[in-house]
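# Structure assessment
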Amino acid sequence: MYKYTYVKILSFIFPIIVLFCSCKNESKGSEYVAYFGGEVINPNNTLVLFCKDNEVIDTLKLDKNNRFFIQFDSLAPGLYSFKHEPEYQYVYFDKNDSIMVRVNSKDFDESVVYCGRGGEKNNFLMELYLKNEKDKNKMFDVFDDNFEAFSKNIDTTYSNTKSLYKTNKEAIKWSEGFDVYAKAAVDFSYYSKKELYPLIHKIRTGEDIIEKLPANYYSYRSTIDFSNAELSNYAPYVMYLSNMLNNMGTINYHNHFTENDLALKTNINKMKIADTLIKNSKIKDNILNNIAFTYLLEDQNMANNQKFLDCYKKISTDKSKKNEINTICSAIQMLKVGNSLPEVMLVDVNGKKVSSTTVARPNTVFFFWTESAKSHLEAVHKKVTVLKSKFPHYNFVAVNLNDNQEEWQKALFNYQFKAATELHCPDFDDIKNKWAINKIHRTIILDNKGLIKNAFTNIFDSHFEDNLK
């Protein structure tokens, strides 16, 4: 780890060495003075936003060399983030830290390197993040495994990650404040897999494995503080709580309800559990918003949507997100069965603009992918190849999300996909607002008249092929 990080740091340390010197000297004169700066390679815009708890503290403008720098006369120790739209990453500051960062917008997460006082611990946090992301991509097929194979896989990974954590904690000797986040990154990635296993296993295999799980399977829950204010905006923690509520909110006597009513009751159940379990209002509202986004983008029953929103508004205290949730509700109204798919502008492999209306022909399936989720992009294209052979009268359209044009074209060259028409979405906000897309697992099916047949399905659902018959 250290050798690799050192080599990367050397590639940009010299142009900003003067800044480090000034940081170290001036910090002695103030109790909580801190410095943050760096360089953005291939910037998307001229701004870097410095944030705390999703609120912008300072807007930093890049200079002619694409560098930025700021002195904070008083910066409380804690977890912050910096954003270069549309990407962001965390950065932790201890007292008197002087941190520089270098990042390439074309390969954002993989290119982030910190240096200066406080840089070493932040590089480790990035190493954990990248390790967890890589491991997450490998999990796609592991959820299909039986309990013994699944447990062996995740327990081995968890043991290796804990060893890495302990080694670095001893070597870097970071603060207790930073340790809260480093340990959370290790633990909650593991806990999330355990919560997801029975749910995803059933979706992908059709097997309900809950009764086969050992009695102590969820024993780790007793060690978790569900109202930890320090972690209220930390992604691994918030994601775990969402996964846990998805699991806890499952209604086992599902045969008593229609599919739509079951979805409504399950998600209201999740919100009520969150209301009871989570005492911190900020954490609770974050979780409620996640539940609302997920439910509203999967359920098409408009009457049930209103019942869900009524419950959501009673429990949530977060006013800022309600307008966005209402916007999603409006988009869902446009995606009713029998409606025409709203027009969005896409781009073909030659960089030419293509209206979605020109490819939204009768019997069309739209699916989505991104190069950053390699396991999914490979699995979904493999699935489409099989479906194309079974349903040759269907037109499959792959829409790439979040990657830039160059990354997308490079992926197409490397993979040489054949079964689908490949297009790129240059404006994610447009497709999110019109097609209510917020995740790559969504699939949209048009009927034999080119109208919406199902805008909220999943190509990996065990009953997906029923939609194509």
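Here the residue numbering is sequential within each chain, running from 1 through the sequence in written order. It should be noted that, the model being predicted, local features are given only for residues of pLDDT at least 70 and side-chain atom pairs only at 80 or more, the latter also being counted only at that level, while totals for whole chains, interfaces and linings use all residues. Hydrogens and water molecules were not included; the side-chain quantities draw on all heavy atoms of the structure.

## Re the overall build of the chain
Formally: Helix and strand definitions follow DSSP, with helices as H or I runs of at least four residues and strands as E runs of at least two, each counted in order from the N terminus. C-alpha atoms define the radius of gyration in this analysis, and the globule rule sets the expected value at 2.2 Å times the number of residues to the power 0.38. Only protein chains enter the area calculation, which uses a 1.4 Å probe; residues under 20% of their type maximum are buried, those over 50% are exposed, and those in between are partly exposed. The contact definition used throughout considers only heavy atoms, calling two residues in contact when any of these lie within 4.5 Å.
Within the chain one finds 15 helices and 15 strands. For a compact globule of 469 residues, the expected C-alpha radius of gyration is about 23 Å, and the chain comes in at 24 Å, within 12% of that figure. Projected onto its principal axes, the C-alpha coordinates of the chain cover approximately 70 × 55 × 45 Å. Each of the 469 residues in the chain was classed as buried or not, and the buried ones make up 49%. Sequence separation of at least 24 residues holds for 66% of the intrachain contacts in the chain that already meet a minimum separation of 6.

## Observations regarding helix H9 (residues 281-296)
Rules: Helix span is expected to be 1.5 Å times the residue number reduced by one. Distance and chemistry together define a polar contact, namely a pair of N or O atoms within 3.5 Å, with one atom able to donate a hydrogen and the other to accept it when in protein, and with adjacent residues in sequence counting only for side-chain atoms on both sides.
Along its 16 residues, H9 runs 22 Å from first to last C-alpha, staying within 8% of the 22 Å computed at 1.5 Å per residue. Burial analysis of H9 places twelve of its 16 residues in the buried class, which makes it a mostly covered element. Of the positions making up H9, those classed as buried are Ile 283, Lys 284, Asp 285, Asn 286, Ile 287, Leu 288, Asn 289, Ile 291, Ala 292, Phe 293, Tyr 295 and Leu 296. The N-cap of H9, judged by a side-chain oxygen 3.0 Å from the amide nitrogen of Lys 282 a few residues on, is Asn 280.

## Details of a positive patch on the surface
What counts here: Nonpolar side chains (Val, Leu, Ile, Met, Phe, Trp, Tyr) are joined into patches within 5 Å and like charges within 9 Å, using only residues with over 30% relative accessible area and no salt bridge. Under the convention used here, a 1.4 Å probe and the Shrake-Rupley method define accessible areas, while residue burial counts only the protein chains that appear. Salt bridge, as used here, is a side-chain nitrogen of Lys or Arg placed within 4 Å of a carboxyl oxygen of Asp or Glu. As used throughout, the charge tally considers Lys and Arg to be positive and Asp and Glu to be negative, leaving His and the chain termini uncounted. Where a charge lies is defined by one atom per residue type, namely NZ (Lys), CZ (Arg), CG (Asp) and CD (Glu).
Together, Lys 265, Lys 272, Lys 307 and Lys 314 give the surface a local cluster of positive charge. Taken together, the elements giving at least two residues each to the positive patch come down to helix H8 (259-277) and helix H10 (302-315). Within the fold, Lys 314 resides in helix H10.

## A few points about the environment of Glu 176
Structurally, Glu 176 is set in helix H6 (residues 176-205). Overall, the relative accessible area of 73% leaves Glu 176 in the exposed class. When the C-alpha atoms of Glu 176 and Ser 375 are compared, they prove to be 36 Å apart, with 199 residues separating the residues in sequence.

## Quick word on the sheet that holds strand S5 (residues 78-84)
The strands making up a sheet are joined through hydrogen bonds of the backbone, oriented either antiparallel or parallel. Which entries qualify depends on this criterion: We call two strands paired when DSSP finds no fewer than two bridges between them. All axes here are fitted lines through C-alpha atoms, helices being fitted over the stretch that makes contact, and every angle between N-to-C directions spans 0 to 180 degrees.
Across the sheet, which stays open at both edges, the four strands sit in the order S3-S2-S5-S6 with antiparallel pairing between neighbours. Single-partner strands in this sheet number two, and they are strand S3 (55-61) and strand S6 (87-93). The average angle at which neighbouring strand axes cross in this sheet is 25°, direction not considered. Sitting on the sheet, helix H4 (residues 119-138) is in contact with S5 and S6, with an inclination near 140° to S6.

## Brief notes about the pairing of strand S12 (residues 395-400)
Put simply, the rule reads: Seen with its strands pointing away from the viewer, a crossover is right-handed when the path leading from the first strand over the helix to the second is clockwise.
Summarising burial for S12: six of the six residues are buried, a large majority. Residue alternation in S12 divides its side chains into two sets, Asn 395, Val 397 and Val 399 and Phe 396, Ala 398 and Asn 400, and both sets are buried. Summarising the sheet, strand S11 (residues 364-369) and S12 pair through six bridges and their orientation is parallel. Considered in S12, the bridge of Phe 366 is made with Val 397. This β-α-β element, S11 to helix H13 (residues 374-390) to S12, shows right-handed connectivity. Bridging between S12 and strand S13 (residues 421-424) involves four bridges; their strand directions are parallel. The partner of Val 399 across the bridge, within S13, is Leu 423. For the crossover that starts at S12, traverses helix H14 (residues 405-415) and ends in the parallel S13, the hand is right-handed.

## Observations regarding the side chain of Arg 221
Along the chain, Arg 221 turns up in the loop between H6 and helix H7 (235-248). Among the polar contacts listed, one links the side chain of Arg 221 to the side chain of Glu 195, at a separation of 2.8 Å. Leaving out residues up to four positions away in the same chain, Arg 221 has contacts with Glu 195, Phe 226, Tyr 240, Met 244, Asn 247 and Met 248.

## A short note on the layout of surface pockets
Counted only if it meets this: In this analysis a 1.4 Å probe is tested at points of a 1 Å grid over the protein atoms alone, and where it fits but cannot get out there is a cavity; an open set with protein on both sides within 12 Å along at least five of seven lines is a pocket; lining residues have an atom within 4 Å of a point. Grid points are joined across faces, edges and corners, and a volume is the space filled by probe spheres set on the points. All amino acids are sorted into three groups, where Ala, Val, Leu, Ile, Met, Phe, Trp, Tyr, Cys and Pro are nonpolar, Asp, Glu, Lys and Arg are charged, and the leftover types, Gly among them, are polar.
Roughly 270 Å³ of volume is contained in the second largest pocket. Lining the second largest pocket are 15 residues, with Phe 140, Asp 141, Arg 204, Ala 379 and Phe 460 sitting closest to its centre. Listed by contribution, the elements that provide at least two residues to the lining of the second largest pocket are H4 and H13. Take the lining of the second largest pocket: its biggest share by element is five residues, from H13. For the lining of the second largest pocket, the class distribution of residues is four nonpolar, three polar and eight charged.

## Structural notes on the pattern of salt bridges
Counting across every chain of the model gives 18 salt bridges. Between Lys 193 and Asp 135 there is a salt bridge, and its shortest N-O distance comes to 2.1 Å. A residue pair is termed long-range when its members are at least 10 positions apart, and Lys 193 in helix H6 and Asp 135 in helix H4 qualify at 58 residues. Owing to a relative accessible area of 8%, Lys 193 belongs among the buried residues under this scheme. Here Lys 212 ties to Glu 207 by a salt bridge, and the two come within 2.7 Å at their closest N and O atoms. Given a relative accessible area of 55%, Lys 212 falls into the exposed group.

## Section: the packing of H7 against H9
Keep this limit in mind: An angle counts as roughly parallel when it lies under 35 degrees, as roughly antiparallel when it exceeds 145, as roughly perpendicular when it falls between 65 and 115, and as oblique in every other case. Here a crossing is called left-handed whenever its near helix is offset anticlockwise from the far helix by less than a right angle, and right-handed whenever the offset is clockwise.
Running from N to C, H7 and H9 cross one another at 60°; their axes reach a closest spacing of 10 Å. Looking at the two axes, H7 sits oblique to H9. For the crossing formed where H7 meets H9, the hand is right-handed. Residue-level inspection shows Tyr 237, Val 238, Leu 241, Ser 242 and Leu 245 of H7 in contact with H9, the latter providing Ile 283, Asn 286, Ile 287, Asn 290 and Ile 291. The class makeup of the residues in the contact of H7 with H9 is seven nonpolar, three polar and no charged.

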